[in-house]
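Structural features, examined
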Amino acid sequence: MEQQKYYITTPIYYPSDKLHIGHTYCTVATDAFARYQRLRGREVLFLTGTDEHGQKIEDKAHEAGVTPQAFVDNIVTGERGVMDLWKLMNISNDRFIRTTDDYHVSAIQKIFRKMYDNGDIYKGAYKGKYCKPCESFWTESQLVEGKCPDCGRPVEDAEEEAYFFRLSKYAKPIQDLLENTDFLEPRSRVNEMVNNFIKPGLEDLCVSRTSFTWGVPVDFDPGHVVYVWIDALSNYITALGYDNDKYQDFEQFWPADVHIVGKEIVRFHAIIWPAMLMSLGLPLPKKVYGHGWLLFDGGKMSKSKGNVVDPYILAEQFGVDALRFFLLRTFPFGSDGNFSNELLIQTINTDLANDLGNLVSRTTAMVGKYFGGTLPGGMEENTQEVDADLTAKAAALQGIYAQQMDQYAPHKALDEVFKVIQRANKYIDETAPWALAKDLQANGPRLARVLYNLLETTRICGVLLTPFMPESMEKLFVQIGACAHCRTWESAGVWGSLSTAAAVTKGENLFPRVDAQQALETLEQAAEAQRKAALPALEIAPYTQEQVDFDTFCRSDLRAVKVKDCQPVKKSAKLLKFTLDDGTGTDRQILSGIAMYYQPEELVGKTLVAIVNLPPRKMMGQESCGMLLSAVHTEQGEERLNLIVLPDAIPAGAKLC
Ligand code: MSP
């Protein structure tokens, strides 16, 4: 067995909003790689976490009226937060780092000081734009039409004291690293880095800020906080115990085998991070892999576009394993892919329900039906061409799969597994076990062989699918009676590992077929409920700026009126017809658009407020003489109306002033 340490990481997530399916994609992929390495017998350390400092978080916390720490705690450890999501998605991380953890904070101060002491960090001036009234410092790109993005007023050139990291010094070694090694993959990202960032000239990097406080303070100059990327990137070593006593694994696990990151943050991982490590005199990670984005309608998912897809809703609807599988089966890992619910349902139905699900349920059902769950001894040898084809493909699968997984191509590895699953389903049609079963006396040994070949193929595929769908494959192993040894990596490369006497049981359907229309409707409802819940709980109409003079206001004749009768208006969903006592001795009729909020009978006897000197109006063919007053507000996106109800003691006709 290969015994080797293996260190793999995901990016650490910004807890500025709840995570969406794009974030889940990255973590599920890393989890599948980590599980694959464990399956291969390596001692894996899989790290994920959260990147909790910076101005954006400080601003969001301010908006929410809580401290930055309380804000991030809620998103990281709160209900349906980051940690809950990883638990739900069956993420097998060994460690979780939060950049607000004390050990990390003090390690960052030491790291910053080391780079300062060796001359790679120096104090300089950060040139930018200053808004005097807001006392805010902005970069050119933050301005809106050249003005302060907060107040819209003009800004002036200014300089702010800041620390800089000598990134320029490392341009040459980094270009060598990118161009002459396989440090960064896929290869297309190398050209992007070299052409867009290195060739135009790497400038020194501003690595401290004084304009906000939510960060790690520079301990020898406390007005400054460390730039969030210096703080975040260092997590990969502080989480192993570098410059702290919390962990002691640095010597064993560093350098990392791979940092899995999304394409937009490759720049930080492939340029800034190696430069920092060179400055600290530390070995470089073996690889950075920059995966593509999950797009939505061709664009990036973002909260502001309102197109974020909630992994909780999808996992609840389709199951965690089906969702994990879909993400890695469908989209080539190194490129962008378009997410859609339709595609998700189609993948579940084709690959999981039809191909894999059917293979398992047909095979286990036949072993039960023809042999009571255990194949008889004395099965025939593999003699036919179809046997040779199936067994050869199944036995060769492990090698092909490993090649693809080692190249971070899970979609291709899965493609290979499904080719074998499809081959096995075809084998059922070719060998027609039901026909053999008609004469068990004569065909028993052949039928047992056919079914064994199917069970064994299923087992091999099951082992290789474990990193993707761990829970479902456990269930599959129970159904085909696979022993502990038959679930190992080694056994997946050896045809015939499954005992011929394995106890087979047809269990629950592993992947039920999804009714597309029904599922899409349920998803739509869940998304709608979530959109509503995200709307402000309570909204009141904006105040009118225009003033009304006192005399004009007093010309409105407001009176207390008593409801004598109230009826719905035919063909109108909105209107109620009121017969009112207004104190004059003659009944007054008013029509009011409040049928959605009240039952007519509950209003009879109430004392309401009416404006009585409005000109009469016809509504739905009936006359309305005045208007009843209500209070209006919006709750969770829906308008609410409440009639103004006066105490009963107020007589009809009393004037309101
Ligand atoms: N905090 C930084 C990472 C610091 S690592 C030292 C960060 N956080 S993030 O929360 O914004 O993004 C985390 C990861 O999620 C990134 O790799 C990013 O590419 C990935 N994704 C975010 N949206 C995504 C998609 N729509 N599709 C695929 N991955 C996406 O960046």
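Predicted, not measured: the structure shown is a model, and the values here were computed from it.

Focus: the overall build of the protein chain
A count of helical and extended segments in the protein chain gives 22 helices and 27 strands. A compact globule built from 657 residues should have a C-alpha radius of gyration of about 26 Å, whereas the protein chain, at 34 Å, is more than 25% larger. Judged by the C-alpha coordinates and their principal axes, the protein chain covers about 105 × 80 × 40 Å. A burial count over the protein chain gives 51% of its 657 residues as buried. Total accessible area computed for the protein chain in this model is approximately 30500 Å², and 51% of it derives from carbon and sulfur atoms. Side chains of the protein chain carry 69 positive and 86 negative charges; the gap between the two charge centres is 3 Å.

Digging into the sheet that holds strand β13 (residues 294–296)
Overall, mixed pairing links the 3 strands, which are arranged β14-β13-β15 in an open sheet. At either end of the open sheet lies a strand with only one pairing partner, and these are β14 (299–300) and β15 (337–339). Where β13 lies against β14, 2 bridges are found, and the strand directions are antiparallel. Bridge pairing in β14 links Leu-295 to Lys-300.

Details of helix α18 (residues 440–465)
The principal kink in α18, of about 35°, is found at Arg-446. A large share of α18 lies buried, amounting to 21 of its 26 residues.

A closer look at the site of the ligand
Around the ligand lies a shell of 23 residues, among which Ile-12, Asp-51, Gly-262, Glu-264 and Leu-294 are the nearest. A distance of 2.8 Å separates a nitrogen atom of the ligand from a polar atom in the backbone of Ile-12. Contact distances for the ligand include 2.6 Å between a nitrogen atom and a side-chain N or O atom of Asp-51. Elements with a minimum of two residues in the shell around the ligand: α1 (21–39), α8 (228–233), α9 (235–238) and β11 (258–262). Taken together, the residues of the shell around the ligand sort by class into 13 nonpolar, 8 polar and 2 charged.

Some details on the pattern of salt bridges
One pass over the full model with this rule turns up 40 salt bridges. As a salt-bridge pair, Lys-123 and Asp-221 come within 2.8 Å of each other at their nearest N and O atoms. Within this pair, whereas Lys-123 is found in strand β4 (residues 121–131), its partner Asp-221 is found in the loop between β9 (208–209) and β10 (225–226), the two being separated by 98 residues in sequence. You can call Asp-221 buried: its relative accessible area is 17%. Here Glu-508 ties to Lys-475 by a salt bridge, and the two come within 3.7 Å at their closest N and O atoms.

Quick look at the packing of aromatic side chains
The final tally for this structure, using the stated rule, is 29 aromatic pairs. On the numbers, 6.2 Å between centres and 70° between planes, the contact of Tyr-7 with Trp-254 is edge-to-face. One end of the pair, Tyr-7, is in strand β1 (residues 5–9); the other, Trp-254, is in the loop between α10 (250–253) and β11, and 247 residues separate them in sequence. Since its relative accessible area comes to 0%, Tyr-7 is described here as buried. A residue is classified by how much of its surface remains accessible, and Trp-254, at 7% relative accessible area, is buried.

Overview of the pairing of β4
Bridging between β4 and strand β6 (residues 156–165) involves 10 bridges; their strand directions are antiparallel. Note that in β6 the partner of Tyr-126 across the bridge is Glu-160.

Concerning the side chain of Ser-208
You can see Ser-208 is positioned in strand β9. A relative accessible area of 0% means that Ser-208 is categorised as buried. Among the polar contacts made by the side chain of Ser-208, one reaches the main-chain amide nitrogen of Tyr-163 at a distance of 2.9 Å. Of note is the side chain of Ser-208, whose polar atom sits 2.9 Å from the side chain of His-224. In contact with Ser-208, not counting residues within four places along its chain, are Ala-162, Tyr-163, His-224, Val-225 and Tyr-227.

Focus: the sheet that holds β6
Taken together, 4 strands build an open sheet; the order of strands is β5-β4-β6-β8 and the sheet is antiparallel. The open sheet has two edge strands, β5 (136–138) and β8 (205–206), and neither has a second partner. As judged from the 2 bridges shared by β6 and β8, these two strands associate in the antiparallel manner. Within β8, the position partnered with Phe-164 by the bridge is Cys-206.

Some details on the pairing of strand β20 (residues 607–611)
Most of β20 is tucked away: 5 of the 5 residues are buried. Across 5 bridges, the pairing between strand β17 (residues 558–568) and β20 is antiparallel. Its bridge partner lying in β20, Ala-560 is registered against Val-609. Relative to strand β26 (residues 645–646), β20 runs antiparallel, the two sharing 2 bridges. Its bridge partner being in β26, Thr-607 is matched across the sheet by Leu-646. Judged from the 2 bridges that link them, β20 and strand β23 (residues 627–628) form a sheet pairing that is antiparallel. By the bridge assignment for β23, Ala-610 is matched with Leu-628.

Details of the domain arrangement of the protein chain
Assigned domains of the protein chain: these are domain 1 (5–104 + 229–313), domain 2 (119–227), domain 3 (340–492) and domain 4 (550–646). Using C-alpha coordinates to define each centre, domain 2 is positioned 63 Å away from domain 4.

Let's talk about the side chain of Asp-310
Summarising the element assignment, Asp-310 is placed in the loop between β14 and α12 (311–318). Of the side chains with opposite charge, Arg-80 comes closest to the buried, unpaired Asp-310, at an N-O distance of 4.6 Å. Only 2.8 Å separates the side chain of Asp-310 from the backbone nitrogen of Tyr-312, close enough to count as a polar contact.

Observations concerning unusual backbone geometry
The amide bond that connects Glu-185 to the next residue, Pro-186, takes the cis arrangement and shows omega of -10°. Take Pro-186: it is sitting in the loop between β7 (184–185) and α7 (188–198). Its identity is not glycine, yet Asp-297 carries a phi of approximately 50°, on the positive side. Counting through the fold element by element, Asp-297 comes out in the loop between β13 and β14. Note on Asp-297: relative accessible area 73%, which makes it exposed. Of note in this structure, Ala-432 is not a glycine but carries a positive phi near 40°.

Regarding a nonpolar patch on the surface
Judged by side-chain polarity, Val-548, Phe-550 and Phe-553 come together as a nonpolar surface patch covering roughly 360 Å² of accessible area. Locating Phe-550 in the fold gives a position in helix α22 (residues 550–554). A residue is classified by how much of its surface remains accessible, and Phe-550, at 63% relative accessible area, is exposed.

About the cut-offs
- Residues numbered from 1 in each chain as written.
- Predicted model: local features only at pLDDT ≥ 70, side-chain atom pairs only at ≥ 80, totals over all residues.
- Heavy atoms only, no water.
- Helix = DSSP H or I, 4+ residues; strand = E, 2+ residues; numbered from the N terminus.
- Rg over C-alpha atoms; globule rule 2.2 N^0.38 Å.
- Buried < 20%, exposed > 50% of the residue type's maximum accessible area, 1.4 Å probe, protein only.
- Areas by Shrake-Rupley, 256 points an atom, 1.4 Å probe, with all protein chains shown as cover.
- Lys, Arg positive; Asp, Glu negative; His and termini not counted.
- Charge placed at Lys NZ, Arg CZ, Asp CG, Glu CD.
- Pairing = 2+ DSSP bridges.
- Bend = angle between axes of the 7 residues up to and from the residue.
- Near = heavy atom within 4 Å.
- Polar contact = N/O pair within 3.5 Å; in protein donor to acceptor, adjacent residues only side chain to side chain.
- Nonpolar A, V, L, I, M, F, W, Y, C, P; charged D, E, K, R; others polar.
- Salt bridge = Lys/Arg side-chain N within 4 Å of Asp/Glu carboxyl O.
- Phe/Tyr/Trp six-rings, centres within 6.5 Å; stacked < 30°, edge-to-face > 60°.
- Contact = heavy atoms within 4.5 Å.
- Domains from an automatic or database assignment.
- Patch = residues over 30% accessible without salt bridge, like charges linked within 9 Å, V, L, I, M, F, W, Y side chains within 5 Å.

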